[in-house]
Amino acid sequence: MSLMGSLYIGASGLQTSQNALNTTAHNMSNVDTVGYTRQQVQLGTRTYKTISKSAASNAYLQTGHGVNYTQVKQVRDYFLDKAYRRESGRSAFYDTSAVAVEEIENLFQELEGRAFAGAISNLWTSVQEMAKDPGNAVNQGVFVQRCSEFLSRANAVYTGLCEYQDNLNYQVMQQVNTMNAYAKRISELNQEIVKIESGKVEHANDLKDERNQLIDELSSMGYIDVREDADGNALIRLEGKDFVKADSYNEICLYADKETGFYTPYWKQLAETNIVNGIEEVNIEGAELFNMQQIISTDRNTDIGALKAMLVARGDRRATHKDLDPAYYDKDIKQSIIMNVQAEFDQLVNKLTTAINKVFADAADRETAKDPNSTYMRDPATGQAYTIFNTMTGSTDPADFSVENIIINGTIKQAPSLLGFKKPDGKIDQETADILKDVFTEEAYTLNPGVKTATNFINYYNNLISQVANTGSALWGISENQQLTVDSIAAAREQVLGVSSDEEMSNMVMFQNAYNASSRYINVISEMLEHIIVSLGR
């Protein structure tokens, strides 16, 4: 090979070493950059020049043209990425669920945990005092006042639960908007990366870092599956449906329930749009993003993503005692912490108010059985038995008694002494007072169809609070354990894609030495050429 050709070998060494040094410096400058993936230099040989061929030789006589800067690749592990994204999504699910329980606990703590418990305690105390002296007008007035206090505080608790549902609903909207924004950006990055790398010369590693970071963020919001096609596009499936394609994405839309305003995420391309009476209506049946009837299970991967956790915790409506019907409790509200608490709390109010009303209705019926013309415990104008509690709609059906529509009987509220507790013969009605007292101590109520241990009205609320606390404790325990799993995988992944300053310094020294060696090689060739030219020139 000529000496002039040898200069190209040295030049390739200089160029390659300089590029490798630039890559190493780039790694060093991004050692603390979130989402950055370590870049690794790959070197190869340039094509060989064949000088002669001989059948008698073991190999052809060839000379090399130097080193070639093959590529700068990202160092990642597909299996660690997949595991991290799955477990990150699962961690987000349980963390979001635990936070929801914590918010409910804080709601009761805002009321100091004693406000409503105190209302029940005060009502129970007034019943006990009235049982001691049923005919005392002061005791009767205090009893009616405590009934009013009970309703007022019950309404405050239930309203707080509903407001938190609305808050979660707003978070659902924000989360969906964020997911769509991420999907749009990923599809844009796909196009930019393919455009840059289509020439097989440049590598869009920094754009890939941005794309991978977005995918990591997206994985905490829902169950995703990611693959890369032959052109380098990142293709993403969300909950088993195509989300991000090569150069576009399928938008997630929100359907707002007409009664509650609760959002249901659905796939725009799968929904049907119809025109009814000139109004556009969307049918999302079969297009829902999540199947909310699925059992939450790690084995089935149905416990992944913060968005799903929000929807599960929020539920799909305001729950009442009617939702505790065993026929559909498991399917409809069992998995929703807020709907559970709403239904169980409403059941307490429903059972207690209807039980108190029944006591007075039964007292009136007993006297009527003795004397059909008796007006004891009855409104003289209507002949109806007095009730402490009424509904806003005027319904007397116990099933219609709910926190949001129960009011105190206006007549009794203005004149508690109408209760009297005095029979037509002038005797004090101790029997009714004792029955009213027994209502609070009878252990005949359970929180929900899944609870078998019966309790009374005095302990019902405490059992409800304990159930919430136990659920929160269990969820936080799962969340903490899941976070340990995520941290473990993240640490293993960081060993692969993370930048080690010590390793990069070692590489820098190596490439610097290679650069110096190439420089010396060129100097030697240059001196040889100079010597030959000078000698021949003489």
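The rules we used
- Residues numbered from 1 in each chain as written.
- Predicted model: local features only at pLDDT ≥ 70, side-chain atom pairs only at ≥ 80, totals over all residues.
- Heavy atoms only, no water.
- Helix = DSSP H or I, 4+ residues; strand = E, 2+ residues; numbered from the N terminus.
- Rg over C-alpha atoms; globule rule 2.2 N^0.38 Å.
- Buried < 20%, exposed > 50% of the residue type's maximum accessible area, 1.4 Å probe, protein only.
- Contact = heavy atoms within 4.5 Å.
- Areas by Shrake-Rupley, 256 points an atom, 1.4 Å probe, with all protein chains shown as cover.
- Lys, Arg positive; Asp, Glu negative; His and termini not counted.
- Charge placed at Lys NZ, Arg CZ, Asp CG, Glu CD.
- Core = buried A, V, L, I, M, F, W, Y, C linked by side-chain atoms within 4.5 Å.
- Pairing = 2+ DSSP bridges.
- Axes fitted to C-alpha atoms, helices over the stretch in contact; angles between N-to-C directions.

(A) Examining the overall build of the chain more closely. Along the chain, the regular secondary structure elements total twelve helices and 13 strands. Computed over its C-alpha atoms, the radius of gyration of the chain comes to 38 Å, more than 25% above the 24 Å expected for a compact globule of 538 residues. Counting the 538 residues in the chain, one finds 41% classified as buried. For the chain, the share of sequence-separated contacts (at least 6 apart) that also reach a separation of at least 24 residues comes to 66%. Of the roughly 27800 Å² of accessible surface on the chain, 49% is carried by carbon and sulfur atoms. Placing the 48 positive and 71 negative side-chain charges of the chain at their respective mean positions leaves the two points 4 Å apart.

(B) Local environment of the nonpolar core. Counting 92 residues, the largest nonpolar core has Phe143, Phe345, Ile356 and Ile388 as its most contacted members. No other element matches helix H4 (residues 137–197), which puts 19 residues into this core. Once residues within four sequence positions are removed from consideration, Ile388 is found in contact with Phe143, Cys147, Ile356, Asn357, Phe360, Ile407, Ile408, Asn409, Ile412 and Leu419. Counting six residues, the second-largest nonpolar core is a separate cluster that includes Leu324, Ile333, Met339 and Ala343.

(C) Broad picture of the sheet that holds strand E5 (residues 224–228). Across the sheet, three strands lie side by side as E5-E6-E7; this open sheet has antiparallel pairing. Single-partner strands in this sheet number two, and they are E5 and strand E7 (241–244). Going across the sheet, the axis of each strand differs from the next one's by a mean of 35 degrees, ignoring polarity. Sheet contacts for H4: strand E6 (234–238) and E7; angle to E7, the most-contacted strand, approximately 70 degrees.

(D) Inspection of unusual backbone geometry at higher detail. Although it is not a glycine, Glu239 sits at a positive phi angle of roughly 50 degrees. Tracing the sequence through the fold places Glu239 in the loop between E6 and E7. Positioned with a positive phi, Met377 is a non-glycine residue whose angle comes to about 60 degrees. Mapped onto the fold, Met377 is located in the loop between helix H8 (337–370) and strand E12 (389–391). Overall, the relative accessible area of 2% leaves Met377 in the buried class.

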